[in-house]
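# Observations on the model geometry
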Amino acid sequence: MNKDFWDTFKKTKPTIVYLTVGFPTYSESVEIAKFLVSNGYAQIIEAGIPFSDPIADGEVIQYSTQVALKNGIMIDDVAKFIEELKSFRDIPVFAMGYYNPIYANLERNLEKLKKSGAQGLIIPDINVEEIEAILPLLKEYGLLICGFVAPNTNEKRMKEIVRKTTGFIYLVSSYGTTGMRDYLNWESLRNIVQKVKGIENVPVAIGFGIKNAEMIRKAKEISDGAIIGSAVINAIKNSPSNYFSEIEKIFK
Amino acid sequence: MRKGWFGNFGGKYIPEVLVPVIEELEKAYYTIGKSKEFRKELWYLLKNYAGRPTPLYFAKNLSEYLGGAKIYLKREDLLHTGAHKINNSLGQVLLAKKMGKKRIIAETGAGQHGVATATACALLNLECVIYMGKLDVERQKPNVFRMNILGAKVVPVEKGSCTLKDAINEAMRDWIENVETTLYVIGSAVGPHPYPTMVKDFQSVIGKETLKQIMKIEGRLPDKVIACVGGGSNAIGIFAPFIKYKEVELIGVEGGGKSPKLGENAATLCFGKVGILHGAKSYLLYDENGQVVETHSISAGLDYPGVGPEHSYLKEIGRVRYTYAKDEEALEAFKLLSQKEGIIPALESAHAIAEAIKLAPKMKKDQIIIVNLSGRGDKDLGIIMDYIH
């Protein structure tokens, strides 16, 4: 089921934009997603499910998820967001979030997300063992799962991760939580991408720290895609009245 | 059982970047940490520096007052730094030193684990950063001051509920940033494998001593062993050697707070559901949307929505009975033990005393209860004063 997705991914070299659903408000988050898609800034959207304890996130995304939680955003709202976006433009949308809110009503949530048109899931605190345990369920609901590879992942583990990845490989660019960085070690990232590709020609996208068009371009040069999140959230946070033009600056 | 799992509980639910450092720790623990040489060095410190073995004290006055079972107290409150936490901190910090780590981070709720870790770092000459919820910084001021004196940096965490859970989140973020230089010394039997197993190992010295002592004093096993449960390190430490003796009832007492209502207590095993937080699958207090709730307990050390995965397992197989004591019951126990025995317990430990107060009068005079008196109460005097006024 993922063959077409993989082929298109590698051909398109997508920019993947993370948005926290419900930040700054639900309807604005939908509008921002539509804006990103219709202007060609994003080819894939990550719909962020807010969580009370986002351990892998830096200040910017923490802030946005707190606002979303105050706005009462639940998985059902994330499903609605995906549905609205899919009816606007048929692009792949991944639900991204920590495991507990998904696990809390696992089958119900998977069904809900599948019905919304979600392509798959990205879960930063799931382990390979648990992916194994839920793979049959994910298959049943037709949802893909992305595997994470970090700069310090050894080859043995990389093999295990690649073997269980039905979506794309999310290559974490550097040590640290999500957030904008000035510098990434592109040479070492190029090596990691090659190692992953040596195991299987799975699509690989680089995320964490990417903040502008130049970095997006570099990421795509050495991998199949670029993931950007905090920079966009930061633009929304800092310019509540004119964030569209601020977002535009990131991609130009 | 799968390695790192207790039945269906435990595992490693962590961001990928932490996996290699956790694996490094796991390897070091099972090789260096298990070696005779390491154990010898650790025991030297536990004995000569921390003050082990601690006494098993027959609380004669309290027992007579309650008119039932004989109550013994395992006096972890007499240890250096005032609580059982030092057993684990010395173990983990010594291991970190052997692993060549330069920097230690830790979380703390009541401040006891922070003080113990800061102490171990001062002794073993390692840089130490302690994350502590802002609310806890305020309610446990003397401990913050102690950590500063010991040379540690205390970082107040102003996020979420501003308590232990948020301090752990922030410590994890620090670790993700600094995996190459830093070791995270977790203070309770929580977190991803190998922490729950390692913390239990370092704390089980409590139970091993207790078992020997009660056999020597009474010539038989106790009827009940009671301990308070936040994350559950003092409880698993005293329970560990007794688990195989089915005739000994093991009781874990959680922070019952104000009421059984979600958000008004910290009684995870009594009122929670299975979930995933801080690297492990275990019981957890969360709402219908999977969001972890803010908890309440008068005791900062119990004020945590999760619990160690082995406790979830012991609950599931029915080996340990988990119950709770409410804030006011803990306060009553705090006062009663102070007045009858001249021992001021930590508010955490007062929860375990509260359960003993409930059970002892219904038991026969030749029956035995052992309570783990996990810490002393000096740190809580401010809270008690506020509460009384």
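A short tour of the structure in this document, coming up. The model shown is predicted, which means the values in this text are computed figures rather than measured ones.

Residues and elements named next belong to chain B. Spatial ordering of the open sheet is given by β3-β4-β14-β9-β10-β13, a layout of six strands whose pairing is mixed. The open sheet has two edge strands with one neighbour each: β3 (56-58) and β13 (320-326). The average undirected angle you get between the axes of adjacent strands in this sheet is 30 degrees. Where strand β9 (residues 224-229) meets strand β10 (residues 249-257), six bridges bridge the pair, whose relative direction is parallel. Looking at β10, one finds that Cys-228 is bridged to Val-253. Of the strands in this sheet, β9 and β13 are in contact with helix α13 (residues 309-316), which crosses β13 at around 110 degrees. Together, β3, β4 (70-75), β10, β13 and β14 (368-373) form the strand contacts of helix α14 (residues 327-341), whose direction differs from that of β13 by roughly 90 degrees.

Time to look at the pattern of salt bridges. Residue and element names in this part refer to chain A. Scanning the entire structure with this criterion turns up 47 salt bridges over all chains. Across the pair Lys-164 and Glu-132 runs a salt bridge whose closest N-O atoms are separated by 3.0 Å. Of the two residues, Lys-164 is situated in helix α8 (residues 155-164) and Glu-132 in helix α7 (residues 128-140); the sequence distance between them amounts to 32 residues. By relative accessible area, which is 45% here, Glu-132 ends up partly exposed.

With respect to the helices and strands, Ser312(B) occurs in helix α13. Discounting chain neighbours no more than four positions away, the residues touching Ser312(B) are Phe9(B), Leu269(B), Ser282(B), Tyr283(B) and Val307(B).

Take the pairing of strand β11 (residues 273-277) of chain B next. Residues and elements named next belong to chain B. As defined by bridge partners, β11 adjoins strand β12 (residues 279-284) across five bridges and the pair is classed as antiparallel. Its bridge partner being in β12, Leu-277 is matched across the sheet by Ala-280. Turn length for the β11-β12 hairpin, with the two strands adjacent in sequence and antiparallel, is one residue, and the turn residue His-278 shows positive phi of about 50 degrees.

Moving on, we get to the sheet that holds β12(B). Residues and elements named next belong to chain B. Read from one edge to the other, the open sheet built from four strands follows the order β1-β2-β12-β11, with strand pairing classed as antiparallel. Each of the sheet's edge strands pairs with one partner strand only, and the pair in question is β1 (5-6) and β11. Two elements, strand β2 (residues 9-13) and β12, share two bridges in a ladder whose sense is antiparallel. Residue Gly-10 lies in a different strand from β12, and its bridge partner there is Lys-281.

Calculation criteria
- Residues numbered from 1 in each chain as written.
- Chains lettered and ligands numbered in written order.
- Predicted model: local features only at pLDDT ≥ 70, side-chain atom pairs only at ≥ 80, totals over all residues.
- Heavy atoms only, no water.
- Pairing = 2+ DSSP bridges.
- Helix = DSSP H or I, 4+ residues; strand = E, 2+ residues; numbered from the N terminus.
- Axes fitted to C-alpha atoms, helices over the stretch in contact; angles between N-to-C directions.
- Contact = heavy atoms within 4.5 Å.
- Salt bridge = Lys/Arg side-chain N within 4 Å of Asp/Glu carboxyl O.
- Buried < 20%, exposed > 50% of the residue type's maximum accessible area, 1.4 Å probe, protein only.

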